[in-house]
Amino acid sequence: KVEGELQKICDTILGLLDSNLIVKASSGESKVFYQKMKADYYRYIAEFTKDEKKTNAANSAEAAYADAASVAEKDLAVTHPIRLGLALNY
């Protein structure tokens, strides 16, 4: 039951990120922040799921972290707090 509730919450947040926040982000800082957030939520899903769902969530997290890292390298200083947070999670 708890896993179902967690999945629903994560799916809602991921839907908001994909449909609104990431596509409307205008600055590099906000793009990195939202991509990192997306990756973090996929990582959370990977922590409580099993088998194929776990693999898919982990792959999605990896892709989102990679997207965030490519924008961060281009748009954020190496000392920027969001870039540092991304480096710690990626």
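A few points on the structure. (Residues numbered from 1 in each chain as written. Predicted model: local features only at pLDDT ≥ 70, side-chain atom pairs only at ≥ 80, totals over all residues. Heavy atoms only, no water.)

## Notes on unusual backbone geometry
The phi dihedral of Asp-51 falls on the positive side, at around 55°, and the residue is not glycine. Along the chain, the position of Asp-51 falls in helix 3 (residues 51–75). (Helix = DSSP H or I, 4+ residues; strand = E, 2+ residues; numbered from the N terminus.)

## Topic: the environment of Lys-54
Its location among the elements puts Lys-54 in helix 3. Residues Lys-54 and Thr-12, spaced 42 residues apart in sequence, show a C-alpha to C-alpha distance of 18 Å. Sequence-distant contacts of Lys-54, defined by excluding residues within four places in its chain, comprise Ala-46, Glu-47 and Thr-49. Within polar-contact distance, the side chain of Lys-54 engages the backbone oxygen of Ala-46 at 2.8 Å. (Contact = heavy atoms within 4.5 Å. Polar contact = N/O pair within 3.5 Å; in protein donor to acceptor, adjacent residues only side chain to side chain.)

## Some points on the packing of helix 2 (residues 28–48) against helix 3
Two elements in contact, helix 2 and helix 3, have axes whose closest approach is 8 Å; the angle formed by their N-to-C orientations is 160°. When the axes of helix 2 and helix 3 are compared, the pair comes out roughly antiparallel. As helix 2 packs across helix 3, the resulting crossing turns out to be left-handed. Each residue belonging to the contact of helix 2 with helix 3 can be placed in one class, and the counts come to 13 nonpolar, three polar and nine charged. (Axes fitted to C-alpha atoms, helices over the stretch in contact; angles between N-to-C directions. Parallel < 35°, antiparallel > 145°, perpendicular 65-115°, else oblique. Left-handed = near helix turned anticlockwise from the far one by under 90°. Nonpolar A, V, L, I, M, F, W, Y, C, P; charged D, E, K, R; others polar.)

## Focus: the nonpolar core
Side chains that are nonpolar tend, in soluble globular proteins, to be buried together. In terms of nonpolar packing, the biggest core is built from 22 residues, with Leu-14, Val-32, Ile-45 and Leu-86 touching the most fellow members. Among the secondary structure elements, those contributing two or more residues to this core are helix 1 (2–24), helix 2, helix 3 and helix 4 (81–89). Sorting elements by how many residues they give to this core places helix 3 first, with eight residues. Excluding anything up to four places from it in sequence, Val-32 contacts Ala-68, Val-71, Ala-72, Leu-76, Ile-82 and Leu-86. (Core = buried A, V, L, I, M, F, W, Y, C linked by side-chain atoms within 4.5 Å. Buried < 20%, exposed > 50% of the residue type's maximum accessible area, 1.4 Å probe, protein only.)

## Observations regarding the side chain of Asp-40
Structurally, the position occupied by Asp-40 is in helix 2. Looking at Asp-40, the relative accessible area reads 6%, which means it is buried. Reaching out from Asp-40, the side chain makes a polar contact with the side chain of Lys-36 at a distance of 2.8 Å. Asp-40 has contacts with Tyr-65 and Asn-89, leaving out every residue within four places of it along the chain.

## What about the pattern of salt bridges?
For the structure on display, the rule yields four salt bridges. Lys-38 is the salt-bridge partner of Asp-18, the closest N and O atoms lying 2.9 Å from each other. Separated by 20 residues along the polypeptide, Asp-18 in helix 1 and Lys-38 in helix 2 bring together distant segments of the chain. Arg-43 is the partner of Asp-40 in a salt bridge, and the nearest nitrogen-oxygen pair spans 3.5 Å. Taken together, the positions of Asp-40 and Arg-43, both in helix 2 and three residues apart, correspond to about one turn of that helix. Overall, the relative accessible area of 28% leaves Arg-43 in the partly exposed class. Here the residues in one salt-bridge network are Lys-36, Asp-40, Arg-43 and Glu-47, joined through shared partners. (Salt bridge = Lys/Arg side-chain N within 4 Å of Asp/Glu carboxyl O.)

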